[in-house]
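# Close look at the chain arrangement
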Amino acid sequence: MCVTCGCSDDNAKISYPQNQAVIISSHGDEHHHTHTLPDGTIINHSHSHDTINNTSEIHAKIHNTTISLEQDILAKNNLIAAQNRGWFKGRNILALNLMSSPGSGKTTLLTRTINDLKNKLTISVIEGDQETINDAKKIEATGCKVVQINTGTGCHLDALMIEKGLQQLNPELDSIVMIENVGNLVCPALFDLGEQAKVTILSVTEGEDKPIKYPHIFKASDVMIITKIDLLPYVQFDVEKCIEYARQVNPSIRIFQLSAVTGTGLEDWYQSLEMGRVNTTGVTPFPP
């Protein structure tokens, strides 16, 4: 359970879009409990003591105590993330964590990027959504390798999910792995996945004040991509103000402005991906 937002990812599963086979993620040995509340109500539940997921908040209510486990949960996640990072580095893989609100254009940008660069770069994808394999099917249509991770009620991917996804994806050496996180401007920023860079995507339809309304995700990101700029004549969005806000919370953030529909601005993005693929030694692939 994410103690920051209260979501649960106990039902996370990995899917193969080509045959719709499903693997339920294993979260270790489960422990079953029965509690009787003061009013006589009986609660049955199970949880694992060995994983990031837990039901500590249920215990807190039952035992009339307040327990803060955020630090412990993030520490466990960061340990697995460090292992993922070593796995990527050992295979010379550039891993990018793409984060945004739902509907920002992540999948559209991703499919355009794969199609345009397929003769230059080897790209594979881990897709994160609460339900469906719709986006994985769109990615699969480009010809690249993809696995879908459905988080159930979870609002973000975590390092353990990525570890299991990589086992199924088996990306090639000297390649790029794009991780499309669950649409959310809060929780994904809190969980290190082992990626080399975090990329936050912001559509011009969302409003220029998002960097100061949701500062943590922009502060944690190496890159901000302003998408759908072909719509600027039709929406109220102040690009310069948005950039100003982003640099207030993160002066070193690298910013791209582009349209995945018209192709405007894509060359700068592509060039950075090509340079980043060569430079996977731990140095940020997107210098400001």
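Note that this is a predicted model, so its numbers are computed, not measured.

One finds Leu96, Val125, Met178, Ile225 and Trp269 to be the most contacted residues of the largest nonpolar core, which totals 30 residues. Elements supplying a minimum of two residues to this core: strand S5 (94-100), helix H3 (106-117), strand S6 (123-129), helix H4 (134-140), strand S8 (176-180), strand S9 (197-203), strand S10 (223-227) and helix H9 (266-278). With near-sequence residues (within four places) excluded, valine 125 lies in contact with Leu110, Ile114, Ile139, Cys144, Lys145, Val146, Val147, Leu169 and Met178. With 18 residues, the next largest nonpolar core counts Ile217, Phe237, Ile243 and Ile253 among its residues.

Summarising burial for helix H5 (residues 159-169): eight of the eleven residues are buried, a large majority. Within H5, the full set of buried residues consists of Ala159, Leu160, Met161, Ile162, Lys164, Gly165, Leu166 and Leu169. N-capping of H5 is provided by aspartate 158, with a side-chain oxygen placed 3.1 Å from the backbone N of leucine 160.

Among the secondary structure elements, glycine 128 is positioned in strand S6. Distance in space between the C-alpha atoms of glycine 128 and isoleucine 179 is 7.5 Å, their sequence separation being 51 residues.

Under the definition given, this model contains two aromatic pairs. Aromatic side chains tryptophan 87 and phenylalanine 88 sit 5.9 Å apart centroid to centroid with 80° between the ring planes, which places their arrangement in the edge-to-face category. With 5.7 Å between their ring centres and 75° between their planes, phenylalanine 256 and tryptophan 269 make a pair best called edge-to-face. With a gap of 13 residues between them, phenylalanine 256 in strand S11 (residues 254-257) and tryptophan 269 in helix H9 connect regions that are remote in the sequence. Comparing phenylalanine 256 with tryptophan 269, the two get one shared label, buried.

We now examine the pattern of salt bridges. Any two side chains of opposite charge can pair, given that their charged atoms come close. On inspection of all chains with the given rule, the structure shows seven salt bridges. Note that lysine 120 and glutamate 274 form a salt bridge whose closest N and O atoms lie 3.9 Å from each other. Here the residue lysine 120 occupies a position in the loop between H3 and S6, and glutamate 274 occupies one in helix H9, the gap between them amounting to 154 residues. A relative accessible area of 30% means that glutamate 274 is categorised as partly exposed. One salt bridge connects lysine 241 with glutamate 244, and the closest N-O pair in it is separated by 3.6 Å. Here lysine 241 pairs with glutamate 244, and both are found in helix H8 (residues 239-249), just three residues apart, close to one helical turn. Taking the relative accessible area as the measure of exposure, lysine 241 reaches 30% and is therefore partly exposed. A residue is classified by how much of its surface remains accessible, and glutamate 244, at 40% relative accessible area, is partly exposed.

Okay, the pairing of strand S7 (residues 146-150) next. Burial of S7 is extensive: five of the five residues sit out of reach of the surface. By the alternation rule, side chains of S7 split into Val146, Gln148 and Asn150 and Val147 and Ile149, which are all buried. Pairing analysis gives five bridges linking S6 to S7, with the strands arranged parallel. For glycine 128, the partnering residue across the bridge sits in S7 and is isoleucine 149. One crossover worth recording links S6 to the parallel S7 by way of H4, and it is right-handed.

Cut-offs used in this document
Residues numbered from 1 in each chain as written. Predicted model: local features only at pLDDT ≥ 70, side-chain atom pairs only at ≥ 80, totals over all residues. Heavy atoms only, no water. Core = buried A, V, L, I, M, F, W, Y, C linked by side-chain atoms within 4.5 Å. Buried < 20%, exposed > 50% of the residue type's maximum accessible area, 1.4 Å probe, protein only. Helix = DSSP H or I, 4+ residues; strand = E, 2+ residues; numbered from the N terminus. Contact = heavy atoms within 4.5 Å. Polar contact = N/O pair within 3.5 Å; in protein donor to acceptor, adjacent residues only side chain to side chain. Phe/Tyr/Trp six-rings, centres within 6.5 Å; stacked < 30°, edge-to-face > 60°. Salt bridge = Lys/Arg side-chain N within 4 Å of Asp/Glu carboxyl O. Pairing = 2+ DSSP bridges. Right-handed = clockwise from strand over helix to strand, strands pointing away.

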